[in-house]
Each structure stands twice: as C-alpha cells, then as structure tokens.
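Topology and contacts: notes
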Amino acid sequence: MTLSRRRAILASALAFFGLGHKSVRGATSGAHTGFLDLNNAVSFPTSVLNERWDIVTFEATLSTPKGDKRLQGALLKTGDDVEGIGDVRAFCTICPHEICHVEFFQETERFRAISDAVSGQPLFVCPCHFSVFDPIAEGEAIGGPAPRGLYAFAFEVTDNEIRVTGIEAGVLELLS
Ligand code: FES
C-alpha cells in the first residue's frame, strides 16, 4: 500500500471519529489585526503538496479602499514532513519593491552574484531589479532593493484541505 493511500485511509478514519485536525498559520482578522480577510478563501487538497519544493500558484481577491485588488500567491512545501503541513508556507508573489511578480527557482547558483546570502538554496527572485527572497526564512529579503520580505498569506488546514483565507495587512501600503 502506498504512503499516500495510507494517509488517505488514516484521514478518513480520523474524520469518521471526529478527530480530523485543524491547524492554522498566520491569523485572519477579528481578534487578530495583522491579517485581512480575502474576499473568498482559496482551497486546495493537501495532496497537491507531497514533496519538498512542490508549489502551487493561485490568485485571490482583496477588498481595499481603492477597490478590489488581485493578489497572486504561491503555496510551497519547504521541508520533508510527509505527514504534516508544518513546513508549508504561503507567500504573496507580488514584489514588495515595485509590484513586479517574483518567480520561484530551485536552481539558484546563478544568483550568487546578487547576494552573499545565496548559497544555492531555492529562492524567489524578482526579474525587475533582482530582489531575492528566502522561502525557508519566511520569505525574508536577502538581496536587492526590496524593503522587506514577501507578504504572507494566512491559511488553515482542516482534514484534507488547505484554505488560504487572509493576507498580511501591510500589503495595503504596497497596493495604495
Ligand atoms: S520590483 Fe522587484 S526588485 Fe524591483
């Protein structure tokens, strides 16, 4: 029996007994003020992120004082936790410098010249002015002119579903 099949059976059994897990990264608005709710949650089955560096991209919509804004994002598995989602990250792929779209690269040797912090690890890189962001370090900017790291989406995991529900409130400064 394959690992994914065993995981599916275990998840079904847990759900049957009401023991399915729910975990949350980030925090949506309400009691917490650091994140804004998206207009609609974006959902994926957890099975889309099986192995380290699996990535799925998505678009979400956020209401702002200047109207609805489209936000591009990426869900990324940064570790080898085959049974869990503690290594999943969700980043907004709009560059905090001047709103270009960052791209994900697994092979990054060629970017060593941009930043001393590049040591061959997978990275997000902006094609406009070559800001570099480290997904392992929560999207921190490690090179280039970006004034901060990538904005984070909030997401929750319930049973077999990942739901992206919010975005760091600071993104409004970028979009204004
Ligand atoms: S817009 Fe990304 S580095 Fe300038």
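Residues numbered from 1 in each chain as written. Predicted model: local features only at pLDDT ≥ 70, side-chain atom pairs only at ≥ 80, totals over all residues. Heavy atoms only, no water.

A count of helical and extended segments in the chain gives 2 helices and 11 strands. Listing every helix and strand of the chain by position from the N terminus yields α-β-β-β-β-β-β-β-β-β-β-β-α. Here the chain holds 176 residues, and the buried ones make up 42% of them. Considering only contacts in the chain between residues 6 or more positions apart, those separated by 24 or more positions represent 50%. Here the chain displays about 9,100 Å² of accessible surface, and carbon together with sulfur accounts for 52% of that area. (Helix = DSSP H or I, 4+ residues; strand = E, 2+ residues; numbered from the N terminus. Buried < 20%, exposed > 50% of the residue type's maximum accessible area, 1.4 Å probe, protein only. Contact = heavy atoms within 4.5 Å. Areas by Shrake-Rupley, 256 points an atom, 1.4 Å probe, with all protein chains shown as cover.)

Attention now goes to the pattern of salt bridges. Throughout the structure, instances matching the rule amount to 6 salt bridges. Of the charged contacts in the structure, one is a salt bridge between Arg70 and Glu59, with a shortest N-O distance of 2.6 Å. With Arg70 in strand β4 (residues 67-77) and Glu59 in strand β3 (residues 55-64), this residue pair connects regions lying 11 residues apart in the sequence. Note on Arg70: relative accessible area 46%, which makes it partly exposed. Measuring nitrogen to oxygen at the nearest pair gives 2.9 Å for the salt bridge that ties Arg163 to Glu156. (Salt bridge = Lys/Arg side-chain N within 4 Å of Asp/Glu carboxyl O.)

Once that is clear, we can look at the sheet that holds β4. Strand order across the open sheet formed by 3 strands is β3-β4-β5, with antiparallel pairing between neighbours. Each having just a single partner strand, β3 and β5 (88-92) make up the two edges of the open sheet. The average angle at which neighbouring strand axes cross in this sheet is 30°, direction not considered. Across 10 bridges, the pairing between β3 and β4 is antiparallel. Bridge pairing in β4 links Ser63 to Asp68. (Pairing = 2+ DSSP bridges. Axes fitted to C-alpha atoms, helices over the stretch in contact; angles between N-to-C directions.)

This part covers the sheet that holds strand β7 (residues 123-125). Sheet strands line up and pair through hydrogen bonds in the backbone, either parallel or antiparallel. With respect to topology, 4 strands assemble into an open sheet ordered β6-β7-β8-β9, the strand pairing being antiparallel. Whereas interior strands pair on both sides, the edge strands pair on one side only; in this sheet they are β6 (103-105) and β9 (140-143). On average, each strand axis in the sheet is inclined to that of its neighbour by 35°, with strand direction left out of account. With 2 bridges connecting them, β7 and strand β8 (residues 132-134) associate as antiparallel partners. Considered in β8, the bridge of Phe124 is made with Phe133.

Tallying each qualifying case throughout the model produces 1 disulfide. Each disulfide pairs two cysteine sulfurs, and for Cys100 the partner residue is Cys128, the sulfurs being separated by 1.8 Å. Here Cys100 and Cys128 share a disulfide; its torsion about the S-S bond, -90°, makes the bridge left-handed. On the criterion of sequence distance, the pair formed by Cys100 in the loop between β5 and β6 and Cys128 in the loop between β7 and β8 is long-range, its members being 28 residues apart. (Disulfide = S-S within 2.5 Å.)

This paragraph deals with the side chain of Thr64. Turning to its location among the elements, Thr64 is positioned in strand β3. Relative accessible area serves as the criterion here: at 14%, Thr64 is assigned to the buried category. With residues near it in sequence (within four places) discarded, Thr64 still touches Lys69, Leu172 and Leu175.

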